[in-house]
Amino acid sequence: MNDGTSQDTEERRFLERFAVVLSDSGYPRMAARVFSALLMSPTGKRTAAELVELLGVGPSAISGGINYLLRTGMAIRERDPGQRRDHYGVHQLAWFEALTSSDSVYRRFEDVAKEGTKIFGPDTEVGARLAQTERFFAFLRQEIPQLMRKWREMDSSGQ
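Here goes a summary of the coordinates provided. (Residues numbered from 1 in each chain as written. Predicted model: local features only at pLDDT ≥ 70, side-chain atom pairs only at ≥ 80, totals over all residues. Heavy atoms only, no water.)

Let's shift gears to the packing of helix 6 (residues 103-120) against helix 7 (residues 125-156). Between helix 6 and helix 7, the least distance of the axes is 8 Å, while the angle of their chain directions is 155°. Relative to helix 7, helix 6 is oriented roughly antiparallel. Seen along the crossing, helix 6 lies across helix 7 with a hand that is left-handed. The segment helix 6 lies against helix 7, with D103, Y106, R107, F109, E110, A113, K114, G116, T117 and F120 engaging V126, G127, L130, A131, T133, E134, F137, A138, L140, R141 and I144. Of the residues belonging to the contact of helix 6 with helix 7, the class tally is eleven nonpolar, four polar and six charged. (Axes fitted to C-alpha atoms, helices over the stretch in contact; angles between N-to-C directions. Helix = DSSP H or I, 4+ residues; strand = E, 2+ residues; numbered from the N terminus. Parallel < 35°, antiparallel > 145°, perpendicular 65-115°, else oblique. Left-handed = near helix turned anticlockwise from the far one by under 90°. Contact = heavy atoms within 4.5 Å. Nonpolar A, V, L, I, M, F, W, Y, C, P; charged D, E, K, R; others polar.)

Structural data, given as C-alpha cells:
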C-alpha cells in the first residue's frame, strides 16, 4: 500500500472488497483479509507485525488467519537467512492448491448425499435432490483435475 494518498485509500478499499468476496465464498473472515493483504503486497510477502498494522487487528487474529492459510496451502511461510521474523506470502499456486485440496470436501458431500438418497429413496423429492447433489459432486471431482491440467498448460504458455 502507498503512503496515505487517495491511491492508498482506494487500494485499502479494494483489499477489503476482495476479502469480502473470499469471506462470502466460505473463507473465514480474518483468513480472507490476511490473504488479500498478502496478495496485494508490493513485495509479495509481509510479516505478522506488518499485517497487524495494516489490518488493524491483534496478533492473535493474524495468527489464526495465517494458520488457516498455511493449512489450506493458500500461503507460505519463509524466513530470510539470519533473520528472526517469518514472512508470509501467497503460495504461487494458491488457487490451484485451494481447488485441488477440495477433493476430500467434494468426496464428503458426494458420500453423504449418496447416504441420504438411500435413506429417503431415489423416488422421493428429497432423494431426487440428494441424488442430484451426489452426481454434481462426483462431476466436480472428475472434472477439476482435467481443468487444472488445462490451466497448467495455458499458464505455462503465458496466455
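Let us keep going from here.
The sheet contact formed by strand 1 (residues 45-47) and strand 3 (residues 87-90) spans three bridges and is antiparallel. Opposite T47, over in strand 3, you have H87 as the bridge partner. Examined bridge by bridge, strand 2 (residues 75-78) and strand 3 share four bridges and lie antiparallel to one another. The residue of strand 3 that forms the bridge with I76 is G89. (Pairing = 2+ DSSP bridges.)

Here we have three strands laid out as an open sheet, ordered 1-3-2, and antiparallel in their pairing. Among the strands making up the open sheet, the edge pair consists of strand 1 and strand 2. Averaged over all pairs of adjacent strands, the angle between their axes in this sheet comes to 30°, without regard to strand direction. Relative to strand 3, helix 2 (residues 29-39) is tilted by about 85°, and along the sheet it contacts strand 1, strand 2 and strand 3.

Bringing the side chain of T117 into the picture now. Mapping T117 onto the fold places it in helix 6. Residue classification places T117 among the buried residues on the basis of a relative accessible area of 10%. The contact partners of T117, leaving out residues within four places of it in the chain, are P122, G127, L130, A131 and E134. (Buried < 20%, exposed > 50% of the residue type's maximum accessible area, 1.4 Å probe, protein only.)

The next thing to look at is the nonpolar core. The biggest cluster of nonpolar side chains holds 23 residues, and the ones touching the most others in it are V34, L38, L55, I62 and L69. Looking at this core, the elements that each hand over two or more residues are helix 1 (6-24), helix 2, helix 3 (48-55), helix 4 (59-72) and helix 5 (94-100). When residues in this core are grouped by element, the largest group, seven residues, is from helix 2. Other than its neighbours up to four places away in sequence, L38 contacts G44, R46, L51, I66, L69, A75, Y88, G89 and V90. One finds F96, F137, I144 and M148 within the second-largest nonpolar core, a separate group that totals six residues. (Core = buried A, V, L, I, M, F, W, Y, C linked by side-chain atoms within 4.5 Å.)

What follows covers helix 1. Under the 1.5 Å per step criterion, the end-to-end length of helix 1 is 27 Å for 19 residues, consistent within 8% with the ideal 27 Å. Listing the buried residues of helix 1 in full gives D8, L15, A19 and L22. Buried positions in helix 1, seen along its axis, are confined to an arc of 60° and lie on one side of it. Every exposed residue of helix 1 that faces more than 90 degrees away from the buried side is listed here: S6, E10, R13, V21 and D24. Directly after helix 1, the chain includes G26, whose backbone phi takes a positive value near 115°. (Expected span 1.5 Å × (residues − 1). Arc of directions from axis to C-beta.)

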